[in-house]
Amino acid sequence: MTRQVEKTNPRLTNLILLLKNTSRENEAKIWREIAGRLETPNRNYAEVNLSKINRYAQNGETILVPGKVLGSGMLEQSVKIAALNFSESATCKIRDANGQCMTIEQLLKDNPKGSGVRILR
């Protein structure tokens, strides 16, 4: 018998509910996928370095990281990055590259259909 553990972070539980509701209302499967990834244990969350974002992102693109963005590497493109958390160095480097840091909640509000969003993990 496995033990079912519930999330205790109120921001995270509200975000998961918001993602599922938005997915249902707008028929956008991307938000259901992100909600599923955030329901997993915290040790399975994505930790993405800026060097990986720089490798796979195009200039002006919107990137979604269901986890934390770390500041290792350089960012040469101007991209919008939405994530659960950002390290301090990642935030500085993204702003220096004329990029934008945003929470997943902000991205959900700006783009409820989820079009043009690339998921990195």
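Going by the structure above, here's the rest.
Asks: Would you explain helix α2 (residues 29–38) in this entry?
Replies: Helical geometry: 3.6 residues make up each α-helical turn, so side chains three or four residues apart lie on a common side. By the burial criterion, the buried members of α2 are Ile30, Trp31, Ile34, Ala35 and Leu38. Take α2 and look down its axis: the buried residues cluster within an arc of 140°, on one side only. Summarising the contacts, the buried residues of α2 are in contact with α1 (10–26), β2 (62–70), β3 (80–86), α5 (104–110) and β5 (117–119).

Asks: Is there a simple way to think about the environment of threonine 13 in this case?
Replies: Along the chain, the position of threonine 13 falls in helix α1. Owing to a relative accessible area of 29%, threonine 13 belongs among the partly exposed residues under this scheme. Sequence spacing of threonine 13 and glutamate 39 is 26 residues, and the spatial spacing of their C-alpha atoms is 8.6 Å.

Asks: Honestly, the pattern of salt bridges in this entry has me stumped. Any pointers?
Replies: Side-chain pairs of opposite charge can arise where the charged atoms are in close proximity. Counted under the stated rule, the structure contains four salt bridges. A salt bridge links arginine 11 to glutamate 105; the shortest N-O distance between them is 3.2 Å. Of this pair, arginine 11 sits in helix α1 while glutamate 105 sits in helix α5, and the two are 94 residues apart along the sequence. On the basis of relative accessible area, arginine 11 is assigned to the partly exposed category, the value being 32%. For glutamate 105, a relative accessible area of 24% gives the class partly exposed. Here arginine 37 and glutamate 33 are joined by a salt bridge, their closest N and O atoms 2.8 Å apart. Placement of the pair is arginine 37 and glutamate 33 together in helix α2, with a separation of four residues, close to one helical turn. Classification of glutamate 33 by relative accessible area gives partly exposed; the value is 38%.

Asks: Which parts of the structure should I look at to understand the side chain of glutamate 61?
Replies: Structurally, glutamate 61 is set in the loop between α3 (50–56) and β2. Judged by relative accessible area, which is 15%, glutamate 61 ranks as buried. A polar contact is formed between the side chain of glutamate 61 and the side chain of arginine 118, at a distance of 3.1 Å. For glutamate 61, the residues in contact, after removing those within four places along its chain, are Tyr56, Ser78, Val79, Lys80 and Arg118.

Each value, and the rule that gives it
- Residues numbered from 1 in each chain as written.
- Predicted model: local features only at pLDDT ≥ 70, side-chain atom pairs only at ≥ 80, totals over all residues.
- Heavy atoms only, no water.
- Buried < 20%, exposed > 50% of the residue type's maximum accessible area, 1.4 Å probe, protein only.
- Helix = DSSP H or I, 4+ residues; strand = E, 2+ residues; numbered from the N terminus.
- Arc of directions from axis to C-beta.
- Contact = heavy atoms within 4.5 Å.
- Salt bridge = Lys/Arg side-chain N within 4 Å of Asp/Glu carboxyl O.
- Polar contact = N/O pair within 3.5 Å; in protein donor to acceptor, adjacent residues only side chain to side chain.

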